[in-house]
Amino acid sequence: MKIILFLLSSIVVASTSFAKETPLITGDIGGSTGNNNGVTYQEVHLGVNLNFTDWLTWRNSGFQRTGDKIETITGLDSTLRLVLRTKLGQSGSFNFFLGPGYRWSSKEINNAVIGEAGIGANFGGFGLSGGAKYLKYDKDRFNSDGEILKNEDVNYFINISGNTSFGK
């Protein structure tokens, strides 16, 4: 365990000490929607991203899920994203990201393993991204009518970011 902690801390220190194009910390706000067994839901997200390098981001996003026939839940999505960036002019970039993660929710039955992928663009401090998030739930879940919900789910998201960055 000590070796793993040492390696992770070495990667963080080495990654943040080199010049990079992305700010160290960025924030975003977004929304998503999905459908599970005919039950549509919506989510609101508030994210904080720690950009270790131009190609590695740790994203933590608080969320709230609401919808018909489901109980409102809140929680935290934490993902480690691999990012491929391409510069566009002096102040822009286009990126593709993917990565694994985990969802902790206010109701333990909604905890899930995450896999996500998406694309985005940034221009002069403003960013727009979108993608899909796959959720594989740890436990069986039921709607308000007592019907079992599928054990996996895909939701589609859009995030907006702007001038919420700190450090280089």
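A brief report on the enclosed structure follows. (Residues numbered from 1 in each chain as written. Predicted model: local features only at pLDDT ≥ 70, side-chain atom pairs only at ≥ 80, totals over all residues. Heavy atoms only, no water.)

1. Considering the overall build of the protein chain
Turning to step 1, where the next piece is worked out: When its secondary structure is counted, the protein chain shows one helix and eight strands.
Turning to step 2, where the next piece is worked out: The linear arrangement of helices and strands in the protein chain, starting from the amino end, is α-β-β-β-β-β-β-β-β.
Turning to step 3, where the next piece is worked out: Long-range pairs, those at least 24 residues apart, make up 52% of the contacts in the protein chain between residues at least 6 apart in sequence.
Turning to step 4, where the next piece is worked out: Of the accessible surface of the protein chain, which amounts to about 9,500 Å², a share of 67% is contributed by carbon and sulfur atoms. (Helix = DSSP H or I, 4+ residues; strand = E, 2+ residues; numbered from the N terminus. Contact = heavy atoms within 4.5 Å. Areas by Shrake-Rupley, 256 points an atom, 1.4 Å probe, with all protein chains shown as cover.)

2. Points about the sheet that holds strand β7 (residues 126-137)
Turning to step 1, where the next piece is worked out: In space, the eight strands of this closed barrel follow the order β1-β2-β3-β4-β5-β6-β7-β8, with antiparallel pairing throughout. Neighbouring strand axes in the sheet, compared pairwise and without regard to direction, differ in orientation by 25 degrees on average.
Turning to step 2, where the next piece is worked out: Examined bridge by bridge, β7 and strand β8 (residues 152-162) share eleven bridges and lie antiparallel to one another. Counted as the bridge partner of Lys 133 is Asn 155 from β8. (Pairing = 2+ DSSP bridges. Axes fitted to C-alpha atoms, helices over the stretch in contact; angles between N-to-C directions.)

3. Remarks on the pattern of salt bridges
Turning to step 1, where the next piece is worked out: Under the definition given, this model contains ten salt bridges.
Turning to step 2, where the next piece is worked out: Through salt bridges with shared partners, a single ionic network connects Glu 43, Arg 65, Asp 77, Arg 103, Lys 133 and Asp 153. (Salt bridge = Lys/Arg side-chain N within 4 Å of Asp/Glu carboxyl O.)

4. Overview of unusual backbone geometry
Turning to step 1, where the next piece is worked out: The residue Asn 37 is not glycine, and still its phi comes out positive at about 55 degrees.
Turning to step 2, where the next piece is worked out: Tracing the backbone shows Asn 37 in the loop between β1 (25-36) and β2 (39-51).
Turning to step 3, where the next piece is worked out: A relative accessible area of 40% means that Asn 37 is categorised as partly exposed.
Turning to step 4, where the next piece is worked out: You will see that Lys 69, though not glycine, has its phi angle at about 65 degrees, which is positive.
Turning to step 5, where the next piece is worked out: Residue position: Lys 69 is located in the loop between β3 (56-67) and β4 (73-88).
Turning to step 6, where the next piece is worked out: For Lys 69, a relative accessible area of 43% gives the class partly exposed. (Buried < 20%, exposed > 50% of the residue type's maximum accessible area, 1.4 Å probe, protein only.)

5. Focus: the side chain of Ser 61
Turning to step 1, where the next piece is worked out: Secondary-structure assignment places Ser 61 in strand β3.
Turning to step 2, where the next piece is worked out: By relative accessible area, Ser 61 is classed as buried at 0%.

6. Side note on the environment of Asn 49
Turning to step 1, where the next piece is worked out: Its location among the elements puts Asn 49 in strand β2.
Turning to step 2, where the next piece is worked out: Judged by relative accessible area, Asn 49 falls into the buried class, the value being 6%.
Turning to step 3, where the next piece is worked out: As for Asn 49 and Leu 24, which are separated by 25 residues in sequence, their C-alpha atoms are 8.1 Å apart.
Turning to step 4, where the next piece is worked out: A polar contact is formed between the side chain of Asn 49 and the side chain of Asp 28, at a distance of 2.9 Å. (Polar contact = N/O pair within 3.5 Å; in protein donor to acceptor, adjacent residues only side chain to side chain.)

7. A few points about a nonpolar patch on the surface
Turning to step 1, where the next piece is worked out: Taken together, Trp 55, Leu 82, Leu 84, Leu 88, Phe 94, Phe 96, Leu 98, Ile 119 and Phe 123 make up a surface patch of nonpolar side chains, about 880 Å² in accessible area.
Turning to step 2, where the next piece is worked out: Listed by contribution, the elements that provide at least two residues to the nonpolar patch are β4, β5 (92-105) and β6 (112-123).
Turning to step 3, where the next piece is worked out: You can see Phe 123 is positioned in strand β6. (Patch = residues over 30% accessible without salt bridge, like charges linked within 9 Å, V, L, I, M, F, W, Y side chains within 5 Å.)

8. Overview of the pairing of β3
Turning to step 1, where the next piece is worked out: As paired strands, β2 and β3 are joined by eleven bridges and run antiparallel to one another. Its bridge partner being in β3, Asn 49 is matched across the sheet by Arg 59.
Turning to step 2, where the next piece is worked out: Connecting β2 to the antiparallel partner β3 that follows it, the hairpin turn spans four residues.
Turning to step 3, where the next piece is worked out: Here β3 hands over to β4 after five residues, with Lys 69 in that stretch at a positive phi of 65 degrees.

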